[in-house]
Number of protein chains: 4
Amino acid sequence: MAFKKAGVLGATGSVGQRFILLLSKNPQFEAAVLGASPDSVGKRYEDQVVWKQTSLLPDESKDLILQKCDPEYFKGCDVIFSGLDAAVAGEIEKSFVDAGFAVISNAKNFRRSPEVPLVVPTVNSEHLEVIVNRAKAAKAKGVARPGFEVCISNCSTAGLVVPLKPLQDAFGPIRYVSDTTMQAISGAGFSPGTSAIDVLDNIIPYISGEEDKIEWEAKKILCNVNKAGDGFDILSDDQLTVSAQCNRVAVSDGHTECIALKFLNRDKVPTLAQVKKCLRDYDCEATKLHCPSAPKHAIYVLEDPDRPQPRLDRNRDDGYAVSVGRVREDPIFDFKMVVLSHNTIIGAAGSGILIAEILAAKGVL
Amino acid sequence: MAFKKAGVLGATGSVGQRFILLLSKNPQFEAAVLGASPDSVGKRYEDQVVWKQTSLLPDESKDLILQKCDPEYFKGCDVIFSGLDAAVAGEIEKSFVDAGFAVISNAKNFRRSPEVPLVVPTVNSEHLEVIVNRAKAAKAKGVARPGFEVCISNCSTAGLVVPLKPLQDAFGPIRYVSDTTMQAISGAGFSPGTSAIDVLDNIIPYISGEEDKIEWEAKKILCNVNKAGDGFDILSDDQLTVSAQCNRVAVSDGHTECIALKFLNRDKVPTLAQVKKCLRDYDCEATKLHCPSAPKHAIYVLEDPDRPQPRLDRNRDDGYAVSVGRVREDPIFDFKMVVLSHNTIIGAAGSGILIAEILAAKGVL
Amino acid sequence: MAFKKAGVLGATGSVGQRFILLLSKNPQFEAAVLGASPDSVGKRYEDQVVWKQTSLLPDESKDLILQKCDPEYFKGCDVIFSGLDAAVAGEIEKSFVDAGFAVISNAKNFRRSPEVPLVVPTVNSEHLEVIVNRAKAAKAKGVARPGFEVCISNCSTAGLVVPLKPLQDAFGPIRYVSDTTMQAISGAGFSPGTSAIDVLDNIIPYISGEEDKIEWEAKKILCNVNKAGDGFDILSDDQLTVSAQCNRVAVSDGHTECIALKFLNRDKVPTLAQVKKCLRDYDCEATKLHCPSAPKHAIYVLEDPDRPQPRLDRNRDDGYAVSVGRVREDPIFDFKMVVLSHNTIIGAAGSGILIAEILAAKGVL
Amino acid sequence: MAFKKAGVLGATGSVGQRFILLLSKNPQFEAAVLGASPDSVGKRYEDQVVWKQTSLLPDESKDLILQKCDPEYFKGCDVIFSGLDAAVAGEIEKSFVDAGFAVISNAKNFRRSPEVPLVVPTVNSEHLEVIVNRAKAAKAKGVARPGFEVCISNCSTAGLVVPLKPLQDAFGPIRYVSDTTMQAISGAGFSPGTSAIDVLDNIIPYISGEEDKIEWEAKKILCNVNKAGDGFDILSDDQLTVSAQCNRVAVSDGHTECIALKFLNRDKVPTLAQVKKCLRDYDCEATKLHCPSAPKHAIYVLEDPDRPQPRLDRNRDDGYAVSVGRVREDPIFDFKMVVLSHNTIIGAAGSGILIAEILAAKGVL
């Protein structure tokens, strides 16, 4: 099978590097065109990137010449992965969608757009039906290739919603969620990202904009597609209230979140055993579709009292699985637990790749 | 003024070392007798201790000969500070109380005893009235020197209750408290304490017994002395419910706690400005009594969005002050905030010293 | 091809865990019998081990019942990997050799025994000829299976000697080597290993016994097999002098060593370009023999000025390759460079596995 | 005694902040005028600085209005401390010297100027005689106030030369010095300084320009004033050869250096005991002059095998003392040892303050 061709926008940045690294090992997609900022255009990728991954820069990407982030240089690409900074992502991504490209973006710019799916691929891949519907409608109208955008969620949101999804499916709406995060420094990029002096022997109890993202994005990711099939019935504050407190800690990769949750339906509150079983049995669509990057299990429920731990558990199923531990009853909410997710895989570039695989499985890419 | 003489039990351990270091700088008390485990008895302190403090071992303690932890070797001591392990603290401390000593202990053994005050000195020094009353009663009965014990609270409990106290005093009972902690490794001692491989690039989302301590001790510390003046009307679960999630992180000193709280009286809920003012204006008894170790302010309210931070703020007022930041409204509870306390000062040995100073000011020592 | 059966002594310890993890992925050997200390004997491995690896405990090892470290329980094993502590390794390993087993040990006990090869498999696999010769001689005498021991070198020694070997082969004896190490905490095990408070925001400029190991072991590893083919012409201090300064730092895996070296033959001192080429071209026997765990390149020479770095480079070729960077002229010695090696792979258990693969390729196992 | 007035150039940077913090506690000098870059001029210091010190911003500096780094705004200042970046330090500092100011600079720009003393105040304060001589000569010519500059050495150089000085004084020239450093991140500033991802679970074996600074600066600091008394007989490579290898590690403050040295005079090589005694007895001029910031001992010789350690020993004598441990014989050089120095005190701003105190004691300020 020939590889589908991927374009990567923001290829020299930390998210872009992750896209390229993941694509180098992917059996369906390959990094075919790399886009960068104007001062890098025309230069070899290897010469411009400050590669900071634990695997060496893939040989096949070294000689690629960096292109302007303009649709005309990405002809032939089946999908565009965007690791662009929010400062420039809006205009550039729009130009690609307008030109008929499928754009999967890690930037925050369009996450709140009513027609754009905000997707954690092991959680709400059914939201991609909006794209499928639109593709059908376009085809009916004779449009061969309608452009669209799918947004990857914020990294700490991704970790939170994975265990919430099966619980909501099984036991009804979740009314309250308290979430205190301890987030890895890789989430802040590395140009320069977090300063070493700020996290060595230290904690930064604040990440600009992060708490708001978690509190809002969870309500979109956990909602239903609207009746028209072209948007989302985003949950209101009265249906789901999330309170987040975000901290940056001295961990390289892996966000740890101490969460507590309370179900809406008080006559249907599950037992602790039911909660654990529900999490353990969760089988996401991506796994059922046999997407190459889909985790064997979207959730691992750990029973050792001191797990999950970022250093030991973040790479479970190549970072696409979330580990949940210390599931127990809570004296204020119903249950509390610790959730660990790999912030650059399921929380960023990895989700983008898996979304593309799901779209391909659904016949849209 | 002559120094009052202090005995230190468990002098070679991490808490004992802190007692000795703090006493070396204290204008009222001096470390006069050091007690250790049987295999160290009879040896010079400098030869037995693995001193791991950032100040050098005080000269005056180097040559002290380690004694058996038996009251007969501590004659002449005005107060006994215990840094003993829980495994041996029970029996030994009881023998000192029985022998008429004033024992201030960092061990957990007697924290839940009805007649023993559990004290964070900048919070509930009024609980020490039970000791004052007992001393008067004893004197009336002709007992010159009745032994007693005061317990220092668990370190993470100490950080939590400091801001809760003035809020409770001003706005009535606090019904719910959610507390997620990120605790320093020094809290685990160092023989060997936490293993390096467990916290480097990692978080341990579990500290054995810690959550239960926080959830219970807060109810004793924040309660009133009973009518008889000889015990405590410990709050029930219906009066105060605390839910704690405890994590060990790569910080040397300083516990950071993300807390949220909800007041009981719904018609009296303060505004954000009132909460901040209340915290800022808090003036504890130890400060009013001019105790030498009392902080200038028991609480510092920080307005920078990314504070408090352990490395920058833990040593405020020599570690006796607690820093509170990010005070803001919470969509589930009433308010949320970040609390930072120095776990080995206000959370352990330092509290012991300040309790002794308060007792001296009240004429009991 | 059927797997060869391996026994693992000290299976619950940190080195033992690494052996089991590596064996679970090995195409030639499988962990068949696990030996542990008396209090663990008779229990399931999963129930006794505190598994601290980043991969999950292999399914096939979970149910293995821990055995006494006695040869009679290891019948049928083709090779014995020992991760025993030095305190017990001496007697136990001897009993296995006496019983005719091939023992590959990470313990230090027999490293200095004249007849025992001390082997870094990418450096001096030719030292294993002593074993081959002995096997032939034994067979000639009718001994079907002569027991023997091979020792894995100390972890920091392994990193040092890899680049020294090709340089010595090409440019003659190396007279002086200065080596300052910055060693990972995993080298100290984890029961409890290094205390967190000792390396957080800190360096321990001392590792007991380590400097002596480096200074001595290099002289055995870099020497020739003696004429009789049954021992080693260990280099004298006059032939090779190594001065080591060892530090423990806050790195999880990967020893970094700043080395400088001076050749003996002053008329044959290579140029910088020759040194780099020599290192880059080095092709070790294990690679030539196509051993499954052999690195593609025993040495990677990095040209970026700030490499190698432990977090980025330690896993090169699954930890069996050593990375060398900053190769440059030295104003006192001839050349200086930075060497990075994975201390638990090429520096410990991994070397054991690769030694076994070489022995199998040579027909001895 | 009235305070002497100090101007601080680059007041918002990390070195500038340290100057201001140290001056707030200094009994002789006070921060009177603060200079900053053009975009900060005219604004309150508290509003412009991102204060990252462990002590709070001194009250007396909060309201100071930031001035342009131009001599006309610094009238009345007795001394100028420069924490400017090298990019701008050259021109600005020259303008202050030309205007008759005493400039003490942490920048590297003039360190190699023949007439500028490069001073570690506990090492070569006698180099300041050049300034004293020049002041006398100027006065003879009727110049009331001749401007001059003194340079603070590079931070890692400072740590190295402290123990070398008394050894050189006692046992003659030191021919060879090998120095492998493990340097704290605070040395890289914090805007942004070292990126967290670069030192967490990692080492950067490279600091741009650092090795060259050590190798050259040591030869100026350890040399004699020339006969004319107006410059320095900088040591040649044939008199002193230093080889440095520099690493950045996850330590907040405190540079650790593993050094080895060989004396020139082979017939006069001291014993280990003599070396230790010489270091222990070293008494620097600043201490003899009773300068307020002078350390009680310029050198502490530690006998515990695992000391010095940055977290435990860097603040000895408020960071003005250097700790030396593991002094032992070396098989290649004569002796090796570990040297720890506080890089922002004796290695930067603190040295500037102490140089000013010495100049004041010598009657030049």
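For every chain, the first residue of the written sequence is number 1, and numbering continues from 1 onward in sequence order. Naming scheme: in the order in which they are written, chains are lettered from A and ligands are numbered from 1. Where local features are concerned, this predicted model is filtered to residues with pLDDT of at least 70; where side-chain atom pairs are given and counted, the filter is 80 or more; whole-chain, interface and lining totals use all residues. Side-chain numbers come from the whole structure's heavy atoms, not from hydrogens or water.

**Describing the sheet that holds strand β13 (residues 299–302) of chain A**
Residues and elements named next belong to chain A.
- On the basis of which strands lie adjacent, the open sheet formed by six strands has the order β11-β8-β12-β15-β14-β13 and mixed pairing. What marks the edges here is a single partner per strand, and that holds for β11 (241–248) and β13. Shown here is a sheet whose adjacent strand axes are inclined to one another by a mean of 20°, direction ignored.
- In terms of strand pairing, strand β8 (residues 174–183) meets strand β12 (residues 255–263) through eight bridges, oriented antiparallel. Following the sheet pairing, D179 is matched in β12 by I259. If DSSP finds at least two bridges between two strands, the strands pair. Under the scheme used here, helices are H or I runs from DSSP no shorter than 4 residues and strands are E runs no shorter than 2 residues, and both carry numbers assigned from the N terminus. In this analysis, axes come from line fits to C-alpha atoms, helices being fitted only over the stretch in contact, and the angle between any two N-to-C directions falls in the range 0 to 180 degrees.

**Quick notes on the relation of the copies chain B and chain D**
- Expressed as a screw operation, the relation of chain B to chain D combines 0.0 Å of axial shift with a rotation of 180°, fitting to an RMSD of 0.0 Å. In short, the pair behaves as if placed about a two-fold rotation axis. Minimal C-alpha separation from the rotation axis in chain B is found for D201 of chain B, amounting to 3.2 Å.
- Comparing interface residues between copies, 100% of those in chain B also lie at the interface in chain D; the contact surface is shared. Overlaid copies result from least-squares superposition on C-alpha atoms, with residues included only where pLDDT is at least 70 in both. Any two residues having at least one pair of non-hydrogen atoms within 4.5 Å are treated as being in contact.

**Notes on the sheet that holds strand β11 (residues 241–248) of chain C**
Residues and elements named next belong to chain C.
- Pairing is mixed across the open sheet formed by six strands, whose spatial order is β11-β8-β12-β15-β14-β13. Since the sheet does not close on itself, it has two edges, and those belong to β11 and β13 (299–302), each with one partner. In this sheet, adjacent strand axes meet at a mean angle of 20° when their direction is disregarded.
- Both strand β8 (residues 174–183) and β11 contribute to a ladder of eight bridges, which runs parallel. Each residue of the ladder has a partner; that of Y176, found in β11, is T241.
- Against the sheet, helix α6 (residues 155–171) engages β8, β11, β12 (255–263), β13, β14 (322–329) and β15 (335–341), with an angle of about 30° to β12.
- Running at roughly 145° to β11, helix α8 (residues 210–221) makes contact with β8 and β11 of the sheet.

**With respect to the environment of F3 of chain A**
All names here are of chain A.
- Relative to the helices and strands, F3 resides in the segment before β1 (4–9).
- Taking the C-alpha atoms as reference points, F3 and S243, 240 residues apart in sequence, are found 43 Å from one another.
- Aside from chain neighbours lying at most four places away, what touches F3 is N26, P27, Q28, F29 and E30.

**Brief notes about the interface of chain B and chain A**
- Taken together, the contact pairs 48 residues of chain B with 48 residues of chain A.
- For the chain B and chain A pair, buried surface summed over both sides reaches about 3600 Å², with 56% attributable to carbon and sulfur atoms.
- Across the pair E211 of chain A and R326 of chain B runs a salt bridge, and its minimum N-O distance is 2.6 Å.
- Polar contact criterion, stated in full: a pair of N or O atoms within 3.5 Å, where within protein one must be able to donate a hydrogen and the other to accept it, and residues adjacent in sequence count only if both atoms are side-chain atoms. Between chain B and chain A we count 26 residue pairs in polar contact (both at pLDDT 80 or more) in total.
- Only β8 (174–183), α8 (210–221), β11 (241–248), β12 (255–263), α11 (310–313), β14 (322–329) and β15 (335–341) of chain B provide two or more residues apiece to the side of chain B that touches chain A.
- Broken down by element, the side of chain B that touches chain A gets its largest block of residues, seven residues, from β11 of chain B.
- Gly is placed with the polar residues, together with every amino acid not listed as nonpolar (Ala, Val, Leu, Ile, Met, Phe, Trp, Tyr, Cys and Pro) or charged (Asp, Glu, Lys and Arg). Of the residues contributing to the side of chain B that touches chain A, the split by class is 26 nonpolar, 10 polar and 12 charged. The quantity reported as buried area is the accessible area (1.4 Å probe) lost by two parts once they are put together, taken as the sum for both. Salt bridge criterion: a side-chain nitrogen from Lys or Arg within 4 Å of a carboxyl oxygen from Asp or Glu.

**Some details on the UniProt feature "domain: Semialdehyde dehydrogenase NAD-binding" (unreviewed entry) in chain A**
- In this structure's numbering, the residues bearing the UniProt feature "domain: Semialdehyde dehydrogenase NAD-binding" (unreviewed entry) are residues 5–131 of chain A.
- Taken end to end, residues 5–131 of chain A is 28% helix and 20% strand, and its first and last C-alpha atoms sit 20 Å apart. UniProt positions are given in the numbering used here, feature names are shortened, and annotations may be inferred rather than shown by experiment.

**A word on the pairing of strand β15 (residues 335–341) of chain A**
Residues and elements named next belong to chain A.
- Taking burial as the measure, the seven residues of β15 include seven buried ones, the bulk of the element.
- Across the two faces of β15 the burial is the same, with F335, M337, V339 and S341 and K336, V338 and L340 all buried.
- Judged from the five bridges that link them, strand β14 (residues 322–329) and β15 form a sheet pairing that is antiparallel. Note that in β15 the partner of V324 across the bridge is V339.
- Counting the residues between successive antiparallel strands, the hairpin from β14 to β15 contains five residues. Throughout this description, buried means an accessible area under 20% of the type-specific maximum (1.4 Å probe, protein chains only), exposed means over 50%, and partly exposed covers the range between.

**Brief notes about helix α1 (residues 14–24) of chain B**
- Within α1 of chain B, nine of the 11 residues are buried, which leaves the element mostly enclosed by the surrounding structure.
- Of all the positions in α1 of chain B, only V15, G16, Q17, R18, F19, I20, L21, L22 and L23 of chain B are classed as buried.

**Observations regarding the relation of the copies chain B and chain A**
- Its rotation angle being 180°, the transformation that places chain B on chain A also includes 0.0 Å of axial translation and leaves an RMSD of 0.0 Å.
- Of the residues that chain B buries at the interface, 100% are likewise interface residues in chain A, meaning the two copies contact each other through the same surface.

**Things to note about the UniProt feature "active site" (unreviewed entry) in chain A**
Residues and elements named next belong to chain A.
- Mapped onto the present numbering, the UniProt feature "active site" (unreviewed entry) falls at C155 and H255. Separation in sequence by 101 residues is not matched in space for these annotated residues, since their most distant C-alpha atoms are only 8.1 Å apart.
- Counting through the fold element by element, C155 comes out in helix α6 (residues 155–171).
- Apart from residues lying up to four places away in sequence, C155 is in contact with Q183, E210, H255, S341, N343 and G347.
- Inspection of the secondary structure assignment puts H255 in strand β12.

**A few points about the pairing of strand β14 (residues 322–329) of chain D**
Residue and element names in this part refer to chain D.
- Taking burial as the measure, the eight residues of β14 include seven buried ones, the bulk of the element.
- Bridging between strand β13 (residues 299–302) and β14 involves four bridges; their strand directions are parallel. Looking at the pairing, I299 lines up with V322 of β14.

**Some points on the side chain of S125 of chain D**
All names here are of chain D.
- Looking at where S125 falls in the secondary structure, it is placed in the loop between β6 (118–119) and α5 (129–140).
- Here S125 falls in the buried class, since its relative accessible area comes to 3%.
- Once residues lying within four places of it in the same chain are set aside, the contact partners of S125 are V119, V120, E285, I358 and K362.

**A short note on the environment of D179 of chain B**
All names here are of chain B.
- With respect to the helices, strands and loops of the structure, D179 is situated in strand β8.
- With 65 residues separating them along the chain, D179 and A244 place their C-alpha atoms 4.7 Å apart.
- Once you skip the residues sitting within four places of it in the chain, D179 turns out to touch L160, I214, S243, A244, Q245, E257, C258 and I259.

**Here's the deal with the interface of chain B and chain D**
- On the side of chain D, 13 residues touch chain B, which itself brings 13 residues to the contact.
- Together chain B and chain D conceal approximately 1200 Å² of surface at their shared face, both sides included; 54% is due to carbon and sulfur atoms.
- Linking chain B with chain D are zero salt bridges, by the criterion used here.
- Linking chain B with chain D are two residue pairs in polar contact (both at pLDDT 80 or more).

**Focus on the pattern of salt bridges**
- Scanning the entire structure with this criterion turns up 108 salt bridges over all chains.
- K362 of chain B is paired through a salt bridge with E285 of chain B; the nearest N and O atoms lie 2.9 Å apart. On the criterion of sequence distance, the pair formed by K362 of chain B in the segment after α12 (349–361) and E285 of chain B in helix α10 (residues 285–288) is long-range, its members being 77 residues apart.
- Residue D313 of chain D is joined to R307 of chain D by a salt bridge in which the shortest nitrogen-to-oxygen separation is 2.8 Å. You'll find D313 of chain D and R307 of chain D in the same group, each marked buried.
- Linked by salt bridges that have partners in common, R44, E46, D47 and D63 of chain A make up one network.

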